[in-house]
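Breakdown of the fold
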Amino acid sequence: MPYVTTSDGTEIFYKDWGSGQPIVFSHGWPLTADDWDNQMLFFLRQGYRVVAHDRRGHGRSAQVPDGHDLDHYADDLAAVVAQLDLRDAIHIGHSTGGGEVVRYLARHGTERVTKAAIISAIPPLMVKTDSNPEGQPKSAFDDLQAQLAANRSEFYRALPSGPFYGYNRPGAKPSEAVIQNWWRQGMMGSAKAHYDGIVAFSQTDQTEDLKKITVPVLVIHSEDDQIVPYAAAGPKSAKLLRNGTLKTYQGLPHGMPTTHADTINADLLEFLRS
């Protein structure tokens, strides 16, 4: 399998399909590059080169004990980009992957990048603070860590069965295959990486990161996101970006790239071609 070895010796697994302008996908917590299968196949058919990696400690990448923070996530992404010599790239991130993309652009610059999109993404800050009253209390994230530590397998069934895909909403029709695939991806990774990752995605303030980015960025968020609440995320990120465009959905779940792939793919393609 293809791997990149980072500066601290961590092996990062990646997929690289097709040719043409590259699109680089960054997945959400606690998933893998497989979560982008629908988008990768779609954009491959549109003539793009599609690349996705498993974050350190996730999926097929090395289960290292340390480095589960946005700086390392961004540096690992930069290592993949450099080894594949990707230029004029479009970066797309979902959830924690959106934070990874934002930190990568702010930390490594946009010389190799033309556009980006962040979907249901964690920036600018998820946790509630005096300056971020729309955020969620730290106790909510402490509870996620407690559930993971107590029974990770059970926790990774409950989350996709409920709020992640909106299957807890009246009239929703849960897909057992989608739930099982979420569980499969999550259980491939390291409990330590996922435990530490909860702190990374909830308590990292990316306000200054967003201000540094100059390339066009599409911010996609749903008002019914039960994982990364809309008011604390999408509108704030779009406002902080120098060249940000906010696309708001009504009634779609956090995991909408899976549940509403046709809608998301079409809107992404329109943005890429604009």
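Everything that follows concerns the structure shown earlier in this document.
Residues numbered from 1 in each chain as written. Predicted model: local features only at pLDDT ≥ 70, side-chain atom pairs only at ≥ 80, totals over all residues. Heavy atoms only, no water.

This brings us to the overall build of the protein chain. The helix and strand tally for the protein chain stands at eleven helices and eight strands. Rg of the C-alpha trace for the protein chain: 17 Å, near the compact-globule value of 19 Å for 274 residues, within the 12% margin. Taking the principal axes of the C-alpha coordinates as reference, the protein chain spans close to 40 × 40 × 35 Å. Per-residue burial for the protein chain yields a buried fraction of 55% across its 274 residues. In the protein chain, the proportion of contacts linking residues at least 24 apart, taken out of those at least 6 apart, comes to 76%. Just so you have it, the protein chain exposes about 10800 Å², and 49% of that area is on carbon and sulfur atoms. (Helix = DSSP H or I, 4+ residues; strand = E, 2+ residues; numbered from the N terminus. Rg over C-alpha atoms; globule rule 2.2 N^0.38 Å. Buried < 20%, exposed > 50% of the residue type's maximum accessible area, 1.4 Å probe, protein only. Contact = heavy atoms within 4.5 Å. Areas by Shrake-Rupley, 256 points an atom, 1.4 Å probe, with all protein chains shown as cover.)

For the coordinates displayed, the defined rule picks out 21 salt bridges. Here Arg169 and Asp224 are joined by a salt bridge, their closest N and O atoms 2.7 Å apart. Note that Arg169 is positioned in the loop between α5 (152-161) and α6 (176-188) and Asp224 in the loop between β7 (217-222) and α9 (234-240), a separation of 55 residues in sequence. Through salt bridges that share partners, Lys15, Asp34, Asp37, Asp54, Arg60 and Arg184 make up one connected network. (Salt bridge = Lys/Arg side-chain N within 4 Å of Asp/Glu carboxyl O.)

In contact at an axis separation of 11 Å, helix α1 (residues 37-45) and helix α11 (residues 261-273) are set at 45 degrees when each is read in the N-to-C sense. The angle between α1 and α11 falls in the class oblique. In this structure, α1 meets α11 at a crossing whose hand is right-handed. Touching Asn38, Gln39, Phe42 and Phe43 of α1 are Ala261, Asn265, Leu268, Leu269 and Leu272, all from α11. The class makeup of the residues in the contact of α1 with α11 is six nonpolar, three polar and no charged. (Axes fitted to C-alpha atoms, helices over the stretch in contact; angles between N-to-C directions. Parallel < 35°, antiparallel > 145°, perpendicular 65-115°, else oblique. Left-handed = near helix turned anticlockwise from the far one by under 90°. Nonpolar A, V, L, I, M, F, W, Y, C, P; charged D, E, K, R; others polar.)

What follows concerns the packing of helix α4 (residues 138-150) against α5. Where α4 contacts α5, the two axes come as close as 5 Å, and the packing angle between them is 125 degrees. Classified by the angle between their axes, α4 and α5 sit oblique to one another. Within the contact between the two elements, α4 uses Leu144, Gln147, Leu148 and Ala150 and α5 uses Arg152, Phe155 and Tyr156. Per-class residue counts for the contact of α4 with α5 are five nonpolar, one polar and one charged.

What follows concerns the nonpolar core. Counting residues in each nonpolar core, the largest one holds 29 residues, and the members touching the most others are Val80, Tyr104, Leu105, Ile213 and Val217. Of all elements in the fold, only β2 (11-17), α2 (70-84), α3 (96-108), β6 (113-119) and β7 reach the threshold of two or more residues within this core. Top element by residues in this core is α2. It accounts for seven residues. Beyond its immediate chain neighbours, meaning those up to four positions away, Val217 contacts Ala116, Ile118, Leu241, Asn243, Gly244, Thr245 and Phe271. Counting residues in each nonpolar core, the second largest holds 25 residues, with Ile122, Tyr165, Tyr167 and Val228 among its members. (Core = buried A, V, L, I, M, F, W, Y, C linked by side-chain atoms within 4.5 Å.)

Reading across the sheet, the eight strands line up as β1-β2-β4-β3-β5-β6-β7-β8 and stay open at both edges, with mixed pairing between neighbours. Where the open sheet ends on each side, the last strands, each with one partner, are β1 (3-5) and β8 (244-249). Sheet twist, expressed as the average angle between the axes of neighbouring strands with direction ignored, equals 20 degrees. Across four bridges, the pairing between strand β3 (residues 22-26) and strand β5 (residues 89-94) is parallel. Counterpart to Ile23 in the pairing with β5 is Ile90. (Pairing = 2+ DSSP bridges.)

This part is about α11. When the terminal C-alpha atoms of α11 are compared, their 18 Å separation across 13 residues agrees well with the 18 Å that a helix rising 1.5 Å per residue should span. The set of residues buried in α11 consists of Ala261, Ile264, Asn265, Asp267, Leu268, Leu269, Phe271 and Leu272. (Expected span 1.5 Å × (residues − 1).)

Two faces make up the sheet, and in a regular strand the side chains alternate between them. Across the six residues of β7, six count as buried, placing the element largely inside the fold. Residues Val217, Val219 and His221 point to one face of β7 and Leu218, Ile220 and Ser222 to the other, with burial holding for every one of them. Inspection of the sheet shows β6 paired to β7 by four bridges, in the parallel sense. Of the residues in β7, the one forming a bridge with Ile119 is Ile220. In this sheet, β8 lies alongside β7 in parallel orientation, the contact comprising six bridges. From the neighbouring strand, Leu218 faces β8, where its bridge partner is Thr245.

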